[in-house]
Amino acid sequence: EELHCGGLVVMGRNVQEQVRPLPPMNPGAIKAMLQEAQATANIPLLVATDQEGGRVARFGSEPFTRMPPAMQFGLHSSPSLAEYCARATARELAS
């Protein structure tokens, strides 16, 4: 029996040249790559990344916004700011 891909993890290193400083990312190229992967799959793919904020930002250069680390939200007791940043990150990744 053949195994088929059910998802993929998108990291900065597989969609962007790894040089310093990081060049701007190309969301159109990333979207095209994901569409191509989906076109070869038999099922809808689960697409994931690790975009927590702070040092953990796989999409850490323009046009993506670098968010503060989650610890900052706790230090400032600001659930509303945490939600705002999470929604902004989700919008950027979805586009």
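Since this is a predicted model, take the numbers as computed values, not measurements. (Residues numbered from 1 in each chain as written. Predicted model: local features only at pLDDT ≥ 70, side-chain atom pairs only at ≥ 80, totals over all residues. Heavy atoms only, no water.)

Notes on the overall build of the protein chain
On a plain count of helices and strands, the protein chain comes out with 3 helices and 4 strands. Along the protein chain, helices (α) and strands (β) appear in the sequence β-α-β-β-β-α-α when read from the amino end. Out of the 95 residues in the protein chain, the part that is buried amounts to 22%. Expressed as a percentage of contacts within the protein chain between residues at least 6 apart in sequence, the contacts between residues at least 24 apart total 54%. Just so you have it, the protein chain exposes about 7,000 Å², and 57% of that area is on carbon and sulfur atoms. (Helix = DSSP H or I, 4+ residues; strand = E, 2+ residues; numbered from the N terminus. Buried < 20%, exposed > 50% of the residue type's maximum accessible area, 1.4 Å probe, protein only. Contact = heavy atoms within 4.5 Å. Areas by Shrake-Rupley, 256 points an atom, 1.4 Å probe, with all protein chains shown as cover.)

Overview of the side chain of Thr89
Take Thr89: it is sitting in helix H3 (residues 79–94). Once you skip the residues sitting within four places of it in the chain, Thr89 turns out to touch Gln51 and Met67.

Quick look at unusual backbone geometry
Despite not being glycine, Ser77 has its phi angle at roughly 45°, a positive value. Among the structural elements, Ser77 can be located in the loop between helix H2 (70–75) and H3. The class for Ser77 is exposed, based on a relative accessible area of 62%.

Looking at the layout of surface pockets
Volume-wise, the largest pocket comes out at about 270 Å³. What lines the largest pocket is a set of 14 residues, among which Ile30, Leu34, Val47, Phe59 and Leu93 lie closest to the centre. Looking at the lining of the largest pocket element by element, the count peaks at 4 residues for helix H1 (residues 27–40). Per-class residue counts for the lining of the largest pocket are 10 nonpolar, 2 polar and 2 charged. (1 Å grid on protein atoms, 1.4 Å probe; cavity = no way out; pocket = protein on both sides within 12 Å on 5 of 7 lines; lining within 4 Å. Points joined across faces, edges and corners; volume = space filled by probe spheres on them. Nonpolar A, V, L, I, M, F, W, Y, C, P; charged D, E, K, R; others polar.)

Notes on H3
For an α-helix, the turn length of 3.6 residues means that residues three or four places apart are oriented alike. For H3, which comprises 16 residues, the first-to-last C-alpha distance of 22 Å matches the rise-based estimate of 22 Å (1.5 Å per residue) to within 8%. On its buried face, H3 sits against strand S3 (51–53) and H2. (Expected span 1.5 Å × (residues − 1).)

Quick word on the pattern of salt bridges
When the charged atoms of two side chains lie near each other, side chains of opposite charge can form a pair. Within this structure, the stated rule accounts for 1 salt bridge. The residue Glu83 makes a salt bridge to Arg87 at a minimum N-O spacing of 2.9 Å. Of this pair, Glu83 and Arg87 both sit in helix H3, 4 residues apart, roughly one helical turn. The exposure class of Glu83 is partly exposed, given its relative accessible area of 44%. (Salt bridge = Lys/Arg side-chain N within 4 Å of Asp/Glu carboxyl O.)

In short, shape yes, function no, at least from these values alone.
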